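Spelled out, the chains give:
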Amino acid sequence: MTVSPIGREIDRVDGPLKVTGSAPYAADYRPEGLVYAYLVQATVGRGTVRGMDVSRAEAAPGVIAVFTPFHPLPLKSPSGESGENYSALQDTAVRFRGQIIGLVVADTFERARDAAALVSADYTVTPSRTSLADAGPGVPQGLVQKLAPGVSSIDAALASSPVTITTSVSQHAHHHIAMEPHATTAVWVDDQLTVYCGAQSPQRAAATIAARLGVEPAKVRLICRYTGGGFGQRSPVWNEALLCAAAARALRRPVKLVLSREQVFTAIGHRAAVRQTIRLGAEADGRLRALSHDSDGELPAAGGWQMMPGRDTSAVAYRTPNIRIDQRLVTLDTPPTWSMRAPAEAPGMFALETAMDELAVRTGVDPVELRLRNYATEDPVEGHPFSSKYLDECYRVGAERFGWSRRTALPRSQTDGDWLIGMGMASALYPAWRQPASARARFRDDGRVAVASATSDVGTGAFTMLAVVGADELGLPVSSIAAEVGDSALPPGGVGAYGSSVTTSTVPAVQAACRAAVKALVQSAVDNPRSPFAGLAPATVRYRQGRIEANGRSVDFRTLLRTMGVPHVEAVSTSAPDKSASQYKFHCFGAHFCEVRVHRLTGEPRVNRFTSVFDVGRVVNAKAARGQLTGAIIWGIGHALLEADPIEPDGRFAAASMADYLVPVHADTPEIDVHWLDRPDPHISEFGARGLGEIGLVSSAAAIGNAVFNATGIRVHDLPITIDKLL
Amino acid sequence: MDFLRPTSLADALSAKADQPEAVPIAGGTDVMVELNFDHRRPSALLDLTRVPELATWEPTADGGTRLGAGVPYTRIITELGARLPGLAMAARTVGSPQIRNRGTVGGNLGAASPAGDTHPVLLAVDAAVELRSVRGTRVVPVREFYTGVKRSVLASDELITAVLLPRAGGPQQFSKVGTRNAMVIAVCSFGLALHPGDGTVGTGIGSAGPTPLRATEAEWFLTGELADGDLWESPKPLTDSVRRRFGELVAEAAAPIDDVRGSAAYRRHALSVLARRTLGWAWQDYRTGGDQRCA
């Protein structure tokens, strides 16, 4: 008898391959005749390339070709889906420092890199717009407003509130820095292109590449079986991968392009810098009367993702009669932006939950109690009920696990030697999104069942999710399932690995595909003349735990397939949300509690411990879930204390390397106690899973900032919270 | 670019004499960064990792230690924690385990960055640097070694072959402030050595000036206070005013600038804290460890 693996601690099925180095990533493919490309990037912030001297590069040993705006590779202009709004090398405009202005191809990587350094360019330089503060306020994008009857404006609602709080916060650019630097290996065979390139959505990426190269979609196959991190950075296709494919076509041989770590900082999009102001109006007991959320987000002239931090945060979080969200975008001459894990929600909830903490301080209401007094059971703007919301239980369980009752509200009231101790909390939310998705289940005559979906495992555990759900559905051990993702040639309809939507969307598709495959296997068993069940009515044949049974006979599917001489039997199914889903607002929720210490004399901030409790629906794999939630909380430590890449007036990132752009290391990371409520969402799917890849990052920085205030009495509004701001 | 791989010190010295522009490389934790960023393109690299003479340490006749320039930080931590306590403390704060497996004190001196983690301790213990060339050997006190930002007295035909460290006659300390808890360039750092034998103290400041610096005034002040109070013989707790003044003098000795890691004002402030802190630890160690040392 097989025990269901759902919700248990399951090792990732791709783990052994990864730790032994035998999982091939994009840069690991070495087709016959391979040559190597290296980027040349603009060294001015804005202007025009007047001319380029490529003579030394072309004469350098091993160089095969040098492409520039004056000797371009043809690419079509992008459609709306791309991260950038231009195609590289098609004109001489320089839109930002680090824009690709050349591609050198040589017989080795080192020779290509060496020759790229020999290319020089002359520019006409125009001043760069780089400061969000100087270039703002931006152009309004999405105004969300709801006012109670009789209220003329949000300002009027605020003015009539007994207590008001105004909080402005800012943060610089953030970088995804996926562990695998961007890499592409492009191979043409006749007019058929295979691209090995990390991608969050292999089918969308293949379609984009086809469109930009001007070939039929069917001519492009993208393989990203293993991808070393996505975080949003691998959802569009960037110019570098397109140039690699175009160079392979022009040179009629396979080309590989691997970016250096530093090139990734500028050639690939970052999370936009953003400034926000929250205004809260409340009763003396903390109940909200008005909430205003204004933001100015960076929008590069070169294109990028629109930073809208209020829509999925302040418009959803609390019961408030008057809400106004004004999201503006400021055009700057910076490298492109793109969504980054909890793209708008992490900065947006940092702003809101910082303001809520200030409201708690002002009103003297405990921060947990303040949030319960403003608890929303329905979407405060649109009025839809939440499909399933147990945030109140998250607060209660979290406070108990953490020992919140031991906190003292007065800052600087708890010490340990020269260390000031503080505790803070914040609530988290993130939209749950189910997309239509397809999957294939295939009974094979080697005794395994291949479960496939054209999504991507960017390190999240999608392989294992397919295996666990397939095993559960078919009553087989997890080891009997061969999971497949990361290939655009899999059946159409795989979902992209973004928006925390893969598990939510794909689990129902896998279940449907497994059921359909069982049906097909039974049908095959009664139809095939060599089958021991030939001629029986399908209704009399049943499938149970890998065996076909009827009339007292029981045959495992491997034996059955071999007896019938059929290598495999499969089914592809698509599963989409019910129509009734539109009545509900789907969100994940969570509550973070953390303790920090800040050195009284040096200002060094350290996170002592962290407890987070989440309401994310039904969990497929406890081990993967804990990994995702813990990892995202660690990102929150970076968000609060370390990560920032200021941009200088000449358009240069000040911290575009891993020596200067600091992310948390083990020594910065305390024990993190992650817990989730096991409450399946009854409306999102029969299975009840909501995605959890991003919610851990939402508000974990705010909890740290709030704890730092409790420790020191200092409220840092400009992230990150660094030593010199705490003296 | 030539890649020279001598297998003996004699070969290495003659290679350096023949090609003075060759850049010596040991662990590569500084040189490779510069090459990868295309900050320099030397005509030759002189790989010192196969020179056995550089990879050993031995006791000296006067109880000190001769540390080969190519001994990595990991070995300093595991083999020399007792002999070279201050240097081992500094070595523990360097980079990651992988960096500590590769990086060397010789490389730290060769790069001569003011942010190098070992300089404050080398200054505090009054170490000396052994420089060799085909012309001969000279020994330069580390206090005279640094001449400017990433510059030293090292001649173009010379190699750093060893560091000579006196016997640790008393407690040594090292402390560093970084923007995160590990794998970080120091915002500022401080090394302290107490020398009960001759009644003096040594200091070293990192990341707060164009070169690693001594806090000479602070050394004189503390030496005088310890002598005046006869504290070496009858060690009492140091008064707050002594510790505070010591910290102030250390801060005054620094010449920091504002940069992305921290402001000049923060560095001065933090140095005074580090100086007080390390002095507190070292003096406590002297007072409580004194009996054991006598026994």
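What you see is a predicted model; the values in this text were computed from it and never measured.

Quick notes on the rules
Residues numbered from 1 in each chain as written. Chains lettered and ligands numbered in written order. Predicted model: local features only at pLDDT ≥ 70, side-chain atom pairs only at ≥ 80, totals over all residues. Heavy atoms only, no water. Domains from an automatic or database assignment. Contact = heavy atoms within 4.5 Å. Buried area = accessible area lost by both parts, 1.4 Å probe. Salt bridge = Lys/Arg side-chain N within 4 Å of Asp/Glu carboxyl O. Polar contact = N/O pair within 3.5 Å; in protein donor to acceptor, adjacent residues only side chain to side chain. Nonpolar A, V, L, I, M, F, W, Y, C, P; charged D, E, K, R; others polar. pLDDT = per-residue confidence, 0-100. 1 Å grid on protein atoms, 1.4 Å probe; cavity = no way out; pocket = protein on both sides within 12 Å on 5 of 7 lines; lining within 4 Å. Points joined across faces, edges and corners; volume = space filled by probe spheres on them. Helix = DSSP H or I, 4+ residues; strand = E, 2+ residues; numbered from the N terminus. Phe/Tyr/Trp six-rings, centres within 6.5 Å; stacked < 30°, edge-to-face > 60°. Buried < 20%, exposed > 50% of the residue type's maximum accessible area, 1.4 Å probe, protein only. Lys NZ or Arg CZ within 6 Å of the ring centre and 35° of its normal. UniProt positions renumbered as here; feature names shortened; annotations may be inferred. Pairing = 2+ DSSP bridges. Axes fitted to C-alpha atoms, helices over the stretch in contact; angles between N-to-C directions.

1. Some thoughts on the domain arrangement of chain A
Residues and elements named next belong to chain A. Each domain of chain A was delimited in the assignment, giving domain 1 (26-127 + 179-229 + 234-267), domain 2 (274-433 + 582-726) and domain 3 (435-576). Taking only C-alpha atoms, the centre of domain 1 and the centre of domain 2 are 37 Å apart. At the interface, 19 residues of domain 1 touch 20 residues of domain 2. Taken over both partners, the interface formed by domain 1 and domain 2 buries close to 1,500 Å², and the fraction arising from carbon and sulfur atoms is 61%. Where D650 meets R97, a salt bridge forms, and the shortest distance between an N and an O atom there is 3.6 Å. The tally of links from domain 1 across to domain 2 stands at 4 residue pairs in polar contact (both at pLDDT 80 or more). In the side of domain 1 that touches domain 2, the residues fall into 6 nonpolar, 6 polar and 7 charged.

2. Points about the confidence of the model for chain B
Residue and element names in this part refer to chain B. In this model, chain B carries an average pLDDT of 94, and 98% of its residues clear a pLDDT of 70 or more. Here residues 291-295 is modelled with pLDDT under 50, and outside its nearest four sequence neighbours on either side it reaches 4 contacts, counting other chains as well. The ipTM assigned to the predicted complex is 0.89, against a pTM of 0.95.

3. Details of empty space enclosed by the protein
Residue and element names in this part refer to chain A. Taken as a whole and judged by the stated rule, the model has 10 cavities of 30 Å³ or more. Here the largest cavity defines a volume of roughly 140 Å³. Secondary structure elements with two or more residues in the lining of the largest cavity: β26 (605-615) and α15 (622-641). Partitioned by chemical class, the residues of the lining of the largest cavity number 7 nonpolar, 3 polar and 4 charged. Considering only enclosed or pocket space, the second largest cavity measures out at about 80 Å³ in volume. Around the second largest cavity, the lining comprises 13 residues; the ones closest to its centre are C197, G198, P236, V237 and W238. Elements that contribute at least two residues to the lining of the second largest cavity include exactly α6 (202-213) and α7 (239-251).

4. A closer look at the packing of aromatic side chains
Inspection of the entire model under this criterion finds 20 aromatic pairs over all chains. Taking 5.7 Å as the distance between ring centres and 65 degrees as the angle between the ring planes, the aromatic pair formed by W232 of chain B and W283 of chain B counts as edge-to-face. One end of the pair, W232 of chain B, is in the loop between α8 (216-228) and α9 (240-253); the other, W283 of chain B, is in helix α10 (residues 264-294), and 51 residues separate them in sequence. For the pair W232 of chain B and W283 of chain B, a shared accessibility class is recorded, and that class is buried. Among the aromatic residues, ring-to-ring pairing joins Y25, Y226 and F463 of chain A into one connected group. The aromatic ring of Y390 of chain A is capped on one face by R679 of chain A, whose charged end is 4.2 Å from the ring centroid.

5. Remarks on the UniProt feature "domain: FAD-binding PCMH-type" (unreviewed entry) in chain B
Those residues carrying the UniProt feature "domain: FAD-binding PCMH-type" (unreviewed entry) are residues 1-170 of chain B in this numbering. Split by type, residues 1-170 of chain B is 29% helix and 24% strand. Its first and last C-alpha atoms lie 47 Å apart.

6. A look at the environment of R244 of chain B
Residue and element names in this part refer to chain B. Its place among the elements puts R244 in helix α9. You can call R244 partly exposed: its relative accessible area is 44%. Sequence-wise, R244 and A275 are 31 residues apart; in three dimensions their C-alpha atoms are separated by 8.8 Å.

7. Considerations on the layout of surface pockets
Put simply, the second largest pocket is a space of about 480 Å³. Lining of the second largest pocket is provided by 24 residues; of these, L642, P720 and T722 of chain A together with V260 and R261 of chain B occupy positions nearest its centre. Residues of the lining of the second largest pocket, tallied by class, amount to 14 nonpolar, 5 polar and 5 charged.

8. Observations concerning the sheet that holds strand β6 (residues 128-133) of chain B
All names here are of chain B. In space, the 5 strands of this open sheet follow the order β4-β5-β10-β6-β7, with antiparallel pairing throughout. Every other strand in the sheet has two partners, leaving β4 (57-59) and β7 (136-141) as the edge strands with one partner each. Neighbour-to-neighbour, the strand axes of the sheet open up by a mean angle of 20 degrees, direction not taken into account. Pairing of β6 with β7 involves 6 bridges; the strand directions are antiparallel. When the bridges of β7 are listed, E130 appears paired with V139. Set on the sheet, helix α1 (residues 9-18) makes contact with β6 and β10 (159-165); between it and β10 the angle comes to about 125 degrees.

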